[in-house]
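If you want the building blocks of each chain, they are given just below.
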Amino acid sequence: MHEPRPSNMHIAMVSVFPETLAVVRDVGVMGRAVRDGRLKLSAVNPRDFTVDRHRSVDDRPYGGGPGMVMRPEPLAAAIEEGKRLAGEGARVVYLTPQGRRFDDRRARELAREPGLVLLAGRYEGVDERLLDSQVDEELSIGDYVLSGGELAAMVVIDALARFLPGVLGHEDSAEEDSFADGLLDCPHYTRPEVYADRSVPQVLLSGDHAAIARWRRKQALGRTLERRPDLLERRENERVLTADDKGLLEEYRRERLEVSRRAIEDGVANREEATRTEGRSRDDGASEVLE
Ligand code: ADE
């Protein structure tokens, strides 16, 4: 057995459902990172910091209304414990639909923090004074409401851990992934060479590494244009689209046009052929009736 390497980051999740952390702690790339000591994950349950008989973490909202609000005192104590585990300099992040949108850029930045405390709320929300006094940042993973912040916290953990040194092997480097430079990923293929009547693009079988790299870049640019034009626009505004990229995009556009033109031609030809065959079989039918 090799010695675990020193941890690169310690993340503590504050949650009334600490067992949910197992989803990222035990399996796949995250599981390996935890076993190798590159990432330390802890869960802190605010219920363990309550002092009342019922161990209550929530209470009714001032001003009335439905639902319950998380009480500040147990959360503050749990965050304190999270900081003790993750390191006193740990940044405290609250997961909420009201937060700033989490993205690839923020994942890279957070991966450089020495430690994090991720606060996952439940119920209607968290007492605002706790957020004002204890939380450094609020993050949302998208414009929808989850029943708690745990899944959002785990999304953040998974996304940022990929940028910790050594978590991904070089063969599956984060730099090769979607968004590595603000673009979607290119398509991927494995054996068999023909599947569902579709062949693997010839260039990928050519062994010509430069041509393959060029093709992949062109597909990444083209897909981004078709599926997420907003991402491409941002690159253009930031003036990071090179002349080569623009050339590849133009080539992609031309190729797509050519494919559509051919599909239309084939469609017309097929329809003409179908009409001819239909005509013939109608004639056959007619002659049968007449016979
Ligand atoms: N908690 C509930 N919904 C959430 C979301 N969309 N993002 C982050 N935290 C949340």
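These notes cover the structure that comes with them.

What counts, and where the lines are drawn
- Residues numbered from 1 in each chain as written.
- Predicted model: local features only at pLDDT ≥ 70, side-chain atom pairs only at ≥ 80, totals over all residues.
- Pairing = 2+ DSSP bridges.
- Helix = DSSP H or I, 4+ residues; strand = E, 2+ residues; numbered from the N terminus.
- Buried ≥ 20, exposed ≤ 12 C-beta atoms within 10 Å, placed from the backbone.
- Axes fitted to C-alpha atoms, helices over the stretch in contact; angles between N-to-C directions.

**Re the sheet that holds strand β7 (residues 125–126)**
Step number 1: The sheet built from three strands is open, its strands ordered β3-β4-β7 with mixed pairing. If you trace the sheet from one side to the other, it starts and ends with β3 (58–59) and β7, each paired once.

**Some points on the pairing of strand β1 (residues 9–14)**
Step number 1: Within β1, five of the six residues are buried, which leaves it mostly tucked inside the rest of the structure.
Step number 2: As judged from the six bridges shared by β1 and strand β2 (residues 39–44), these two strands associate in the parallel manner. Residue pairing for β2: Val14 is matched across the bridge by Val44.
Step number 3: Inspection of the sheet shows β1 paired to strand β6 (residues 115–120) by five bridges, in the parallel sense. Looking across to β6, one finds that Val14 is bridged to Leu119.

**Focus on the sheet that holds β6**
Step number 1: Across the sheet, which stays open at both edges, the five strands sit in the order β2-β1-β6-β5-β8 with parallel pairing between neighbours. The strands lining the two open edges of the sheet, one partner per strand, are β2 and β8 (137–140). Shown here is a sheet whose adjacent strand axes are inclined to one another by a mean of 30 degrees, direction ignored.

It is worth stressing that arrangement in space is one thing and function is another; only the former is reported here.
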